[in-house]
Amino acid sequence: MDNFAPLDREKQILGHDIIVVGASAGGVEVLTQLVASLPENLPAAIFIVIHLSATSKSFLPEILNRNGKMHAAHARDGEAIVPGRIYVAQPNYHLLVKRGYIRLVQGPKENGTRPAIDPLFRTAAKAYDRRVVGVVLSGTLDDGTAGLIDIKQRGGVAVVQHPNDALFSGMPKSAISHVEVDHILPVSAIAPVLVSLAHEPIVEPGALSVNSDSEREMEPDIVELDGMALRERGHPGTASGLTCPDCGGSLFQLHERKNLLQYRCRVGHAFSAESLVAVANCKHREIKLQTRQF
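Figured I'd write up the structure that's included with this text.

Conventions we followed
Residues numbered from 1 in each chain as written. Predicted model: local features only at pLDDT ≥ 70, side-chain atom pairs only at ≥ 80, totals over all residues. Heavy atoms only, no water. Buried < 20%, exposed > 50% of the residue type's maximum accessible area, 1.4 Å probe, protein only. Helix = DSSP H or I, 4+ residues; strand = E, 2+ residues; numbered from the N terminus. Pairing = 2+ DSSP bridges. Axes fitted to C-alpha atoms, helices over the stretch in contact; angles between N-to-C directions. Phe/Tyr/Trp six-rings, centres within 6.5 Å; stacked < 30°, edge-to-face > 60°. Core = buried A, V, L, I, M, F, W, Y, C linked by side-chain atoms within 4.5 Å. Contact = heavy atoms within 4.5 Å. Right-handed = clockwise from strand over helix to strand, strands pointing away. Salt bridge = Lys/Arg side-chain N within 4 Å of Asp/Glu carboxyl O. Expected span 1.5 Å × (residues − 1).

### Brief notes about the pairing of strand 12 (residues 238-243)
- With respect to burial, strand 12 is a largely exposed element, only 0 of its 6 residues being buried.
- The sheet contact formed by strand 12 and strand 13 (residues 250-253) spans 4 bridges and is antiparallel. Across the sheet, residue threonine 243 finds its bridge partner in strand 13, namely serine 250.

Following this line, the structure appears as structure tokens:
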């Protein structure tokens, strides 16, 4: 647990001890294969988001415990981060990584889903910089791409399942096309790379005193903000002329990541261009179905 305490020395040698993993369709199979090859004493904590229905019950921790050596459990809000553990997102909650602990929030959906991968990735990058490894596995559309950009921008490592190895190649292909990925691998080769990175020394330089860590924690992620705080922030970007399919409000184009088109409404719902089309089409089909029923 000391590995995850706020740094109060000028520099400290650590490994890549924060591993964040995102998956969607086909994810249970690939995650089962991945954890089966990880050692029990891995000097890193692993955080997993897999897209789930808000009303579904997740059995992923039980599945991972049957097939792997590391202990897996659903993450709990406020829980301290401990190496050698696997933390799994709960249905209908975003899983966020803070400096030394975990947050679970029911903030606005991103890319039409909660939990979403992007909030996990970007909060881990914000909290742990170069110590983070982001892993994108099988899935459709492009959740995780924006978060992987943030991980790379802060000096972390990007690992993506090879699209030809994935049951659904949408998420891996999107990540590869938008991010300078460090490792593109079949799932059978990902675990050895994670083990190597966890043991690979990195030097986390100064400017991370207790005070600066506290300042960093004072900046909540957007999915943690309530309606009043979101309104006080004003428009999140430039007007796009598009409408949010989740709440009907105006969508604004974001300019945080130059090579990825993204939108967010005043309520906080966020979309990539691809997920916006997919969610809007899904809503349209639902409306047509309801109309037919009457």
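### Considerations on the sheet that holds strand 12
- With respect to topology, 4 strands assemble into an open sheet ordered 12-13-14-15, the strand pairing being antiparallel. Every other strand in the sheet has two partners, leaving strand 12 and strand 15 (270-272) as the edge strands with one partner each. The sheet shows a mean angle of 35 degrees between the axes of neighbouring strands, taken without regard to direction.

### Thoughts on unusual backbone geometry
- The peptide bond linking arginine 114 to proline 115 adopts the cis configuration, its omega dihedral lying at 10 degrees.
- Mapped onto the fold, proline 115 is located in the loop between strand 7 (102-105) and helix 3 (117-128).
- The backbone of asparagine 92 sits at a positive phi, close to 70 degrees, despite the residue not being glycine.
- Here asparagine 92 is to be found in the loop between strand 5 (85-88) and strand 6 (94-97).
- Notably, asparagine 111 is not glycine yet its phi reads approximately 55 degrees, a positive angle.
- Structurally, asparagine 111 is set in the loop between strand 7 and helix 3.
- Asparagine 111 gets classed as buried once you look at its relative accessible area, which sits at 13%.

### Let's talk about the packing of aromatic side chains
- Applying the stated rule across the entire model yields 1 aromatic pair.
- Aromatic side chains phenylalanine 47 and tyrosine 87 sit 5.2 Å apart centroid to centroid with 15 degrees between the ring planes, which places their arrangement in the stacked category. You can see phenylalanine 47 sitting in strand 3 (residues 45-50) and its partner tyrosine 87 sitting in strand 5, a full 40 residues away along the chain. For the pair phenylalanine 47 and tyrosine 87, one class covers both residues: buried.

### Points about the nonpolar core
- In this structure, Val20, Phe47, Leu95 and Leu148 are the most contacted members of the largest nonpolar core, which totals 33 residues.
- Here this core gets 7 residues from one element, more than from any other, and that element is helix 3.
- In this structure, leucine 148 is in contact with Phe121, Gly134, Val136, Ala158, Val160, Ala175 and Val179, ignoring residues within four places of it in sequence.

### A few points about the pairing of strand 3
- Counting buried positions along strand 3 yields 6 of 6 residues, so the element is predominantly enclosed.
- Residues of strand 3 alternate between two faces, with Ala45, Phe47 and Val49 on one and Ile46, Ile48 and Ile50 on the opposite face, all of them buried.
- Where strand 2 (residues 18-23) lies against strand 3, 6 bridges are found, and the strand directions are parallel. Bridge pairing in strand 3 links valine 20 to phenylalanine 47.
- The β-α-β motif built from strand 2, the intervening helix 1 (residues 27-36) and the parallel element strand 3 has right-handed crossover chirality.
- Two elements, strand 3 and strand 5, share 3 bridges in a ladder whose sense is parallel. Among the inter-strand pairings, isoleucine 48 is bridged to a residue of strand 5, identified as valine 88.

### Some details on the pattern of salt bridges
- Under the definition given, this model contains 13 salt bridges.
- Linking arginine 76 and glutamate 79 is a salt bridge whose minimum nitrogen-to-oxygen distance equals 3.7 Å.
- On the accessibility criterion, glutamate 79 (10% relative accessible area) is buried.
- Among the ionic pairs, aspartate 77 bridges to arginine 103, the shortest N-O distance being 3.5 Å. Taken together, the positions of aspartate 77 in the loop between strand 4 (71-74) and strand 5 and arginine 103 in strand 7 put the pair 26 residues apart, joining distant regions of the chain.
- On the accessibility criterion, aspartate 77 (46% relative accessible area) is partly exposed.
- Several salt bridges converge on common partners, so that one network encompasses Asp77, Lys98, Arg103 and Glu224.

### A short note on helix 3
- Between its first and last C-alpha atoms helix 3 spans 17 Å; for 12 residues at 1.5 Å apiece the expected length is 16 Å, and the two agree.
- Taken together, the buried positions of helix 3 are occupied by Ile117, Asp118, Pro119, Leu120, Phe121, Arg122, Thr123, Ala124, Ala125, Ala127 and Tyr128.
- The first or second residue beyond helix 3 is aspartate 129, which carries a positive phi of 50 degrees.

### Topic: the environment of threonine 113
- With respect to the helices and strands, threonine 113 occurs in the loop between strand 7 and helix 3.
- The sequence separation of threonine 113 and valine 279 amounts to 166 residues, and the corresponding C-alpha distance is 9.5 Å.
- For threonine 113, the contacting residues outside a window of four places in its chain are His51, Leu52, His94 and Asp143.

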